[in-house]
Amino acid sequence: MKMLVVLAAFVLSASAFAEKRQITIVNYEFEGVKQWLPGTIIVKKGDDVEITLINNVPSGIHGFYIPDFKVRKEVKKGVKEVVTFKADKDGLFPMKCHMHPAHVGGQLLVLP
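Worth saying up front: this structure is predicted, and the values here are computed from it rather than measured. (Residues numbered from 1 in each chain as written. Predicted model: local features only at pLDDT ≥ 70, side-chain atom pairs only at ≥ 80, totals over all residues. Heavy atoms only, no water.)

## Some words on the packing of aromatic side chains
Line of reasoning, step 1. This structure, assessed with the given rule, holds three aromatic pairs.
Line of reasoning, step 2. Between the aromatic rings of F69 and F85, the centroid separation amounts to 5.0 Å while the plane-to-plane angle is 35°, which identifies the pairing as tilted. With F69 in the loop between β5 (62–66) and β6 (71–75) and F85 in strand β7 (residues 80–86), the pair connects residues that are 16 residues apart, well separated along the chain. For the residue pair F69 and F85, the accessibility class agrees, reading buried in each case. (Phe/Tyr/Trp six-rings, centres within 6.5 Å; stacked < 30°, edge-to-face > 60°. Helix = DSSP H or I, 4+ residues; strand = E, 2+ residues; numbered from the N terminus. Buried < 20%, exposed > 50% of the residue type's maximum accessible area, 1.4 Å probe, protein only.)

## Focus on the pattern of salt bridges
Line of reasoning, step 1. Scanning all chains against the criterion turns up six salt bridges.
Line of reasoning, step 2. Between E50 and K20 there is a salt bridge whose closest N-O contact spans 3.4 Å. Of this pair, E50 sits in strand β4 (residues 48–55) while K20 is found in strand β1 (residues 20–30), placing the two residues 30 residues apart along the sequence.
Line of reasoning, step 3. By relative accessible area, which is 18% here, E50 ends up buried.
Line of reasoning, step 4. According to the relative accessible area criterion, K20 is exposed, its value standing at 53%.
Line of reasoning, step 5. Among the salt bridges present, the one from R21 reaches D47, with a minimum N-O distance of 2.8 Å. (Salt bridge = Lys/Arg side-chain N within 4 Å of Asp/Glu carboxyl O.)

## Some remarks on the sheet that holds β1
Line of reasoning, step 1. Across the sheet, four strands lie side by side as β2-β1-β4-β7; this open sheet has mixed pairing. At either margin of the open sheet sits one strand with a lone partner, and together these are β2 (33–37) and β7. Shown here is a sheet whose adjacent strand axes are inclined to one another by a mean of 20°, direction ignored.
Line of reasoning, step 2. Bridge count between β1 and β2: five bridges; the pairing is antiparallel. Residue pairing in the sheet places F30 in a bridge with V33 of β2. (Pairing = 2+ DSSP bridges. Axes fitted to C-alpha atoms, helices over the stretch in contact; angles between N-to-C directions.)

## A short note on the side chain of D47
Line of reasoning, step 1. Within the secondary structure layout, D47 lies in the loop between β3 (40–44) and β4.
Line of reasoning, step 2. Classification of D47 by relative accessible area gives buried; the value is 0%.
Line of reasoning, step 3. There is a polar contact of 2.9 Å between the side chain of D47 and the backbone nitrogen of E19.
Line of reasoning, step 4. Among the polar contacts listed, one links the side chain of D47 to the backbone nitrogen of K44, at a separation of 2.9 Å. (Polar contact = N/O pair within 3.5 Å; in protein donor to acceptor, adjacent residues only side chain to side chain.)

So, in structure tokens, the structure goes:
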């Protein structure tokens, strides 16, 4: 029984460290290459993540997609969009444009 109480206390205290992470990333184009910057986002497992997306690419609408967290958004040039999700699993996850897969890539690192 003591083991169960200690385990429950550990789980509760670990969730107390979860934070709301607010991150802004910007899509830009240089010599034909389009990217979201920063290209790597690092959060902790359990964090509530809010990403503000700003598209500065003159070619119009671009996508932002993190398949493992069911995040998917189209972002028009000059319009801010916000996506939110719970980082409920740890690991390294791809971020990409679901509209133009060869263009914009990055990664989400969720630390345990």
